Amino acid sequence: MLIKKPADIKSSEITDKKLYVNRREFIQAATGTAVAAAATGVLGSEALLRASTPAPHGRKLEGIKKSTFSSDEKLNKWEDITTYNNYYEFGTDKDEPSMLARNFKTTPWTVTVDGECAKKGPMNLEDVLKGKTLEERIYRHRCVERWSMIIPWIGFPLSDFIKQCEPTSKAKFVEFTTLGDSKQMPGLRSPVLRWPYVEGLRMDEAMHPLTILVAGLYGEVLPNQDGAPLRLAVPWKYGFKHIKSIVKVRFVEKQPLNTWQDQAANEYGFYANVNPAVDHPRWSQATERRIGEFLMRKTLMFNGYGDQVASLYSGMDLRRNY
Ligand SMILES: Nc1nc2c(c(=O)[nH]1)N[C@H]1C(S)=C(S)[C@@H](COP(=O)(O)O)O[C@H]1N2
Ligand SMILES: [Mo]
């Protein structure tokens, strides 16, 4: 069986939206039918008859604070950020989540807190958001597939949530789990990943002021394809760390096995720090293509956040801990 995973995606596929609309036909022409068949993903041939759809505009979020952590680079468009997504629960093609997550139900939403902490149990989303100041964080976003975007997330420091959970001294890592609802998520019918999607951070990474829980985009509630109603943003790490639609937060003593490490440990590590000096086994990570631009850019160490985060990894071998 031919299963498509990010590792199989060639750099030739990393194209602008205007080009990737015809990507399936392009792949077919370029590489033959086997890959093309896999690339039709969850939608199958039906996808050829449908177009990717930018998310409808949602409710405006109130009282958003500007953040000094924001990048001043040119923002990617709403259309890019809501039609060029990795969210395998809704298909493995970039445009599939925009079509297949449209009716995903995000209310009511419960986040269950568990593990090494005093305040365990289910929490509804309103309680997760209660007392938090929403900030606009314009972050660089770099996928391991070598594309990048500039995204105006709306969120709040993950540390504010963690403090509320009162972790014990045994809590060395935080593990996050995505909803795994095969009724709503057609991607779960495919064994492309072991579901549900899991990610983790070391406690100091989780507590870092740059690490946020995201509830919005461009001043509005988060679109479904971007991980509504709650996802992570850790801007110095590759995209796969940015787990979407979180339903579980667990404080643990041992390093969690994150989904992509589980899938291919030689290609995707636990740390996933953006590092132009460490190649992916099958391609260089020295450059990236900003969606909407033509020429490749040089990738920056820690995605340009080195001043803030390099000290977290002093003494660590970042070739081994990729
Ligand atoms: N639950 C879940 N979270 C996920 C993924 C996924 O497939 N499922 N893909 C990851 C990858 S590889 C990337 S690059 C980012 C993409 O986030 P974006 O669509 O908001 O840009 O989501 C990450 N979070
Ligand atoms: Mo990614």
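For the structure itself, look to the data block above.
A quick note: this is a predicted structure, and the numbers were derived from the prediction, not measured. (Residues numbered from 1 in each chain as written. Chains lettered and ligands numbered in written order. Predicted model: local features only at pLDDT ≥ 70, side-chain atom pairs only at ≥ 80, totals over all residues. Heavy atoms only, no water.)

Peer 1: Teacher, can you tell me more about the sheet that holds strand 3 (residues 121–124) here?
Peer 2: Note on sheets: strands pair through backbone hydrogen bonds, and any given pair is parallel or antiparallel. Judged by pairing direction, the sheet is mixed, and its five strands sit side by side in the order 3-2-11-6-7 without closing on themselves. Edge strands, defined here as strands with exactly one partner in the open sheet, are strand 3 and strand 7 (198–202). Strand-to-strand twist in this sheet, taken as the mean axis angle between neighbours without regard to direction, amounts to 20°. The pairing of strand 6 (residues 173–178) with strand 11 (residues 246–252) spans six bridges and is antiparallel. Bridge assignment links Phe176 to a residue of strand 11, and that residue is Val249. Contacts from helix 7 (residues 158–165) reach strand 2 (110–115), strand 3, strand 6, strand 7 and strand 11, with the element oriented near 65° to strand 11. (Pairing = 2+ DSSP bridges. Helix = DSSP H or I, 4+ residues; strand = E, 2+ residues; numbered from the N terminus. Axes fitted to C-alpha atoms, helices over the stretch in contact; angles between N-to-C directions. Contact = heavy atoms within 4.5 Å.)

Peer 1: Please explain the nonpolar core as it appears in this structure.
Peer 2: Soluble globular proteins: nonpolar side chains tend toward being buried together. Membership of the largest hydrophobic core comes to 78 residues, with the highest contact counts inside it found for Trp153, Leu158, Phe161, Phe176, Leu232, Trp236 and Phe251. In terms of residue count, strand 5 (residues 147–157) provides more of this core than any other element does, six residues in total. (Core = buried A, V, L, I, M, F, W, Y, C linked by side-chain atoms within 4.5 Å. Buried < 20%, exposed > 50% of the residue type's maximum accessible area, 1.4 Å probe, protein only.)

Peer 1: Quick question: what am I supposed to make of the pattern of salt bridges here?
Peer 2: A pair can form between side chains of opposite charge whenever their charged atoms are brought close. Within this structure, the stated rule accounts for 18 salt bridges. Between Glu145 and Lys94 there is a salt bridge, with its nearest N and O atoms 2.7 Å apart. Note that Glu145 is positioned in the loop between strand 4 (135–142) and strand 5 and Lys94 in the loop between helix 4 (78–83) and helix 5 (96–100), a separation of 51 residues in sequence. Classification of Lys94 by relative accessible area gives buried; the value is 4%. Across the salt bridge formed by Asp262 and Arg194, the nearest N and O atoms sit 2.8 Å from each other. A residue pair is termed long-range when its members are at least 10 positions apart, and Asp262 in helix 9 (residues 259–263) and Arg194 in the loop between strand 6 and strand 7 qualify at 68 residues. (Salt bridge = Lys/Arg side-chain N within 4 Å of Asp/Glu carboxyl O.)

Peer 1: Could you clarify how one ought to interpret the site of ligand 1 in this entry?
Peer 2: The environment of ligand 1 is made up of 18 residues, and the closest members are Tyr88, Glu89, His141, Arg231 and Lys244. A distance of 2.9 Å separates a nitrogen atom of ligand 1 from a polar side-chain atom of Thr178. Alone, ligand 1 offers 530 Å² of accessible surface; in the complex the protein occludes 99% of this. Here the shell around ligand 1 is built from residues that sort into eight nonpolar, six polar and four charged. (Near = heavy atom within 4 Å. Polar contact = N/O pair within 3.5 Å; in protein donor to acceptor, adjacent residues only side chain to side chain. Areas by Shrake-Rupley, 256 points an atom, 1.4 Å probe, with all protein chains shown as cover. Nonpolar A, V, L, I, M, F, W, Y, C, P; charged D, E, K, R; others polar.)

Peer 1: What is the right way to look at unusual backbone geometry in this model?
Peer 2: Across residues other than glycine, the phi torsion is negative in most instances, and most of the peptide bonds are trans. Each neighbour pair has its own omega, and for Thr107 with Pro108 the value is -5°, a cis peptide bond. With respect to the element layout, Pro108 can be found in the loop between helix 5 and strand 2. Although it is not a glycine, Tyr218 adopts a positive phi angle of roughly 50°. In this fold, Tyr218 is placed in the loop between strand 8 (212–217) and strand 9 (220–221).

Peer 1: Sorry if this is basic, but what is going on with the pairing of strand 2 here?
Peer 2: Within a regular beta strand, the side chains point alternately toward one face of the sheet and then the other, so they alternate between its two faces. Where strand 2 lies against strand 3, four bridges are found, and the strand directions are antiparallel. Opposite Val113, over in strand 3, you have Gly121 as the bridge partner. The hairpin turn running from strand 2 into strand 3, its antiparallel successor, is five residues long. With four bridges joining them, strand 2 and strand 11 adopt parallel strand pairing. Across the sheet, residue Thr112 finds its bridge partner in strand 11, namely Lys248.

Peer 1: What is the right way to read the packing of aromatic side chains from this model?
Peer 2: Centre distance and the angle of the planes are the two values used to describe a pair of aromatic rings. Evaluated as defined, the whole model comprises 13 aromatic pairs. A ring pair is formed by Tyr139 and Tyr305, whose centres lie 6.0 Å apart and whose planes are at 75°; its orientation type is edge-to-face. Remark: Tyr305 occurs in the loop between strand 13 (297–298) and helix 10 (306–309) and Tyr139 occurs in strand 4; sequence separation between them is 166 residues. The exposure classification of Tyr139 matches that of Tyr305, with both residues buried. (Phe/Tyr/Trp six-rings, centres within 6.5 Å; stacked < 30°, edge-to-face > 60°.)

Peer 1: In this structure, what is going on with the environment of Leu312? I would like to understand it.
Peer 2: The topology assignment puts Leu312 in the segment after helix 10. Judged by relative accessible area, which is 18%, Leu312 ranks as buried. Placed 110 residues apart in sequence, Leu312 and Arg202 show a C-alpha to C-alpha distance of 9.9 Å. With residues near it in sequence (within four places) discarded, Leu312 still touches Arg202, Asp204, Glu205, His208 and Trp236.

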